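Observations on the model geometry
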Amino acid sequence: MAKQPMLKFVQIERDMPEKRTAEARKEDFDEIYAEFAQAKAEEQASRCSQCGVPYCQSHCPLHNNIPDWLRLTATGRLEEAYATSQATNTFPEICGRICPQDRLCEGNCVIEQSGHGTVTIGAVEKYITDTAWENGWVKPCAPLHERSESVGIIGAGPGGLAAADMLRRAGVQVTIYDRYDRAGGLLTYGIPGFKLEKDVVMRRNKLLEDSGVTFVMNCNVGEDISFADLRAKHDAVIIATGVYKSRDLAMPGSGAAGIVKAIDFLTVSNKRSFGDTVAEFDSGELNAEGKKVVVIGGGDTAMDCVRTSIREGATSVKCLYRRDRANMPGSQREVQNAEEEGVVFEWLSAPKGFADTDGKVTGVMVQKMRLGAPDATGRQAPEVIEGADYVEEADLVIKALGFEPEDLPTLWGQPELPVTRWGTVKAEFKSGATDLPGVYAVGDIVRGASLVVWAIKDGRDCAEAILERFNAKAAVAAE
C-alpha cells in the first residue's frame, strides 16, 4: 500500500518560512520571509487533513482548490499544483504574499480549530507559483481564436488586470487605461516592497503585455480621453479605478505642513523603490528620515506607513488607534511585525487637533478613549475619557484613515453613471453590469475599500459575464 502523503498534522507541527530578524529587515524594503525549500513545502502541505467540506476553500473569496494543490505539493507534483492554483486565481503568488490568511483560509482551517495549528496555506501558495516562474511554467496566453470584440478597462489594479487576463484568454481585444506610469494600481504604488516585492507585480504586467493586452499609461479619463469616447471605441467598458480619495480629518491645525496622506507617502516610497527621483522625497516633505512620525489609523495601510517610516530612518514611530488591539481592522500579524521593528502602538487614542509652530506641525493633540457599551452589531464604540488629553510630539503626521471613491460622474462628465449614496458605482452583484449599456464596474469602486482577493474575484466574474454577452450576441447574429 502506498504511503499516506497527507493528514500529518499530528506528527508535524506548523512551521512558517524563516523570518528575517527585525534588525536586518529594517535596513531594506525586501520581503521579510524567506522562501520555503521543496522539502519544507511538501512537509507543511502534508499536514492538510483533506476535509470533505474544506472550510479553507469556502472562506476564500475565489474558492481556490486549496486541498487539491496542497496534496499535489505534498506529493511533489508542483507543475500540476500550479495549474490547479492558477485555474481559480489570476495572481496566486500575490495573494500568497498579501492576503490576510489569518482571517480567511488559514483562520478557518479545521486543524486550526482542533488546536494543531493551521496549515501554512499562504506560504505554500507563494512557493508553488514562484517555483512555476523559476521553471518557465508560466507562459503568455495564446487564444485559440482571436475575436473581433474589444473591451476597454479603466484602471490597472488587480480587478482590471484579472478581467484583462480572462478576456485575453478568450481572444478578446483588451486595452487598459491607467493614470499612473506603471500598471498594478495599489499593488505597485500602495503596498510596500517588504510585503510585495515590485518585480513580482512587474512580471505579471509583462506577461499580460506579452499575451496581447494593450496598456495606455499616464492616461486620465475625463482629461486625456473622454468616457464617451471609450464607450464608442469599445464593445464594453469596465470601470476598475479603485478608491483613491483619502478620508480626512477636519479639526484644528489640520492644515499645517507635515500632515500628509498615507497614499501620497506610500506612493513616493514605492517610486523610490523603482529607482525614480521624487522631488517630494528629496525635499523631505514625504520622507520620514530623522523625524518623529505619528501615524493615525489602525488598518493595513497604517501598518504599511509605520513600517515604511522605520525603514526610511525615522527617529521614532507611533501609531494612534481609537480602539484597542483586539478591535483593530489591520492584520494582527502585521502589528506583531511592526512591534518587532520598533513601532509603538498607542491604543485607545484619538486625535482632536494638531499643534504647530509657524505653520509646521509639532505634535498631535490626543484624547484618550475607552470602549463603551456594544452597539447593535456588538461592536463597542469608543468614548472620550475627560481630562486625559496630552500632546504627542511629531515632525511628520501620516493620515491612514481609509479611502473613499472619487466623484466619477463629475470627473468624467457622466451624470448618468449610477452611484450609491457613498459614491461607489452601482453594479449588479457578480456580473458587475451597471445600468449603462455595455458598462461594468468591479473591485473597490463597487465594494468600497476592500481586499485584493475580492477585486480579483470581481474582475474574473465580470469577464465571464461579458463573454457570455458576446457569445449570446454572436449566436443571434449567426442565426
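Refer to the structure above for everything that follows.
All figures in this text were calculated on a predicted structure; none of them were measured in a lab.

A few points about the sheet that holds strand β2 (residues 173-177)
- Pairing in this open sheet of 5 strands is parallel, and the strands run β3-β2-β1-β4-β16 from one edge to the other. Because the sheet does not close on itself, it has two edges, and the strands there are β3 (214-216) and β16 (439-441). The mean inter-strand angle of the sheet, taken between neighbouring strand axes irrespective of direction, is 20 degrees.
- Two elements, strand β1 (residues 150-154) and β2, share 5 bridges in a ladder whose sense is parallel. The residue of β2 that forms the bridge with I154 is Y177.
- Contacting β1, β2, β3 and β4 (236-239), helix α9 (residues 158-169) runs over the sheet at an angle of about 165 degrees to β2.
- Packed on one face of the sheet, helix α19 (residues 452-478) meets β1, β4 and β16 and runs near 170 degrees to β4.

A few points about the side chain of T90
- Along the polypeptide, T90 turns up in the loop between α5 (78-88) and α6 (92-98).
- If we ignore the near neighbours within four places in the chain, the residues touching T90 are A162, D165, R204, I456 and R460.

So, helix α8 (residues 121-134)
- Over its 14 residues, α8 runs 20 Å from end to end, which matches the ideal 20 Å to within 8%, given 1.5 Å per residue.
- Most of α8 is tucked away, with 13 of its 14 residues classed as buried.
- Of the residues trailing α8, G136 is marked for its positive phi of about 75 degrees.

Some remarks on the sheet that holds strand β9 (residues 344-346)
- The 5 strands lie next to each other as β6-β14-β7-β8-β9, forming an open sheet whose pairing is parallel. Since the sheet does not close on itself, it has two edges, and those belong to β6 (259-261) and β9, each with one partner. Averaged over all pairs of adjacent strands, the angle between their axes in this sheet comes to 25 degrees, without regard to strand direction.
- Two elements, β6 and strand β14 (residues 396-399), share 3 bridges in a ladder whose sense is parallel. Note that in β14 the partner of V260 across the bridge is I398.
- Packing of helix α13 (residues 262-273) onto the sheet brings it into contact with β6 and β14, and relative to β6 it is tilted by some 75 degrees.

Brief notes about the pairing of β4
- Of the two faces of β4, the one lined by A236 and I238 and the one lined by V237 and I239 are each fully buried.
- Here β1 pairs with β4 via 4 bridges, running parallel. Bridging across to β4, I154 finds its partner in I239.
- Taken together, the 3 bridges between β4 and β16 define a ladder with parallel strand orientation. Residue I238 lies in a different strand from β16, and its bridge partner there is Y440.

Remarks on the environment of E289
- Checked against the element boundaries, E289 lands in the loop between α14 (279-282) and β7 (292-296).
- Looking at E289, the relative accessible area reads 55%, which means it is exposed.
- For E289 and A350, which are 61 residues apart along the polypeptide, the C-alpha to C-alpha distance reads 25 Å.
- Aside from chain neighbours lying at most four places away, what touches E289 is E312, G313 and A314.

Considering the pattern of salt bridges
- For the coordinates displayed, the defined rule picks out 39 salt bridges.
- With a shortest N-O distance of 2.5 Å, K292 and E393 are connected by a salt bridge. Here the residue K292 occupies a position in strand β7, and E393 occupies one in strand β13 (residues 390-393), the gap between them amounting to 101 residues.
- We classify K292 as partly exposed; its relative accessible area is 31%.
- Judged by relative accessible area, E393 falls into the partly exposed class, the value being 48%.
- The closest approach of N and O atoms between K318 and E392, which form a salt bridge, is 3.0 Å.

A few points about the environment of C305
- With respect to the element layout, C305 can be found in helix α15 (residues 300-312).
- On a C-alpha basis, the gap between C305 and A262 in space is 6.7 Å, while along the polypeptide they are 43 residues apart.
- With residues up to four places along the chain from it excluded, the contact list for C305 reads A262, F265, L266, V295 and I398.

A closer look at the packing of aromatic side chains
- Taken as a whole, this structure holds 6 aromatic pairs when the rule is applied.
- Between Y180 and Y244, the aromatic rings sit 6.1 Å apart at their centres with planes inclined by 45 degrees, giving tilted as the arrangement. With Y180 in the loop between β2 and α10 (186-189) and Y244 in the loop between β4 and β5 (245-246), this pair connects stretches of sequence that are 64 residues apart. The same class applies to Y180 and to Y244, which are both buried.
- Taken together, the ring pairs in this structure connect Y180, Y189, Y244 and F274 into an aromatic cluster.
- Positioned above the aromatic ring of Y244, the side-chain terminus of R179 is 5.6 Å from the ring centre.
- The residue whose ring lies beneath R311 is F194, and the NZ or CZ to ring-centre distance is 4.1 Å.

The rules behind each value
Residues numbered from 1 in each chain as written. Predicted model: local features only at pLDDT ≥ 70, side-chain atom pairs only at ≥ 80, totals over all residues. Heavy atoms only, no water. Pairing = 2+ DSSP bridges. Helix = DSSP H or I, 4+ residues; strand = E, 2+ residues; numbered from the N terminus. Axes fitted to C-alpha atoms, helices over the stretch in contact; angles between N-to-C directions. Contact = heavy atoms within 4.5 Å. Expected span 1.5 Å × (residues − 1). Buried < 20%, exposed > 50% of the residue type's maximum accessible area, 1.4 Å probe, protein only. Salt bridge = Lys/Arg side-chain N within 4 Å of Asp/Glu carboxyl O. Phe/Tyr/Trp six-rings, centres within 6.5 Å; stacked < 30°, edge-to-face > 60°. Lys NZ or Arg CZ within 6 Å of the ring centre and 35° of its normal.

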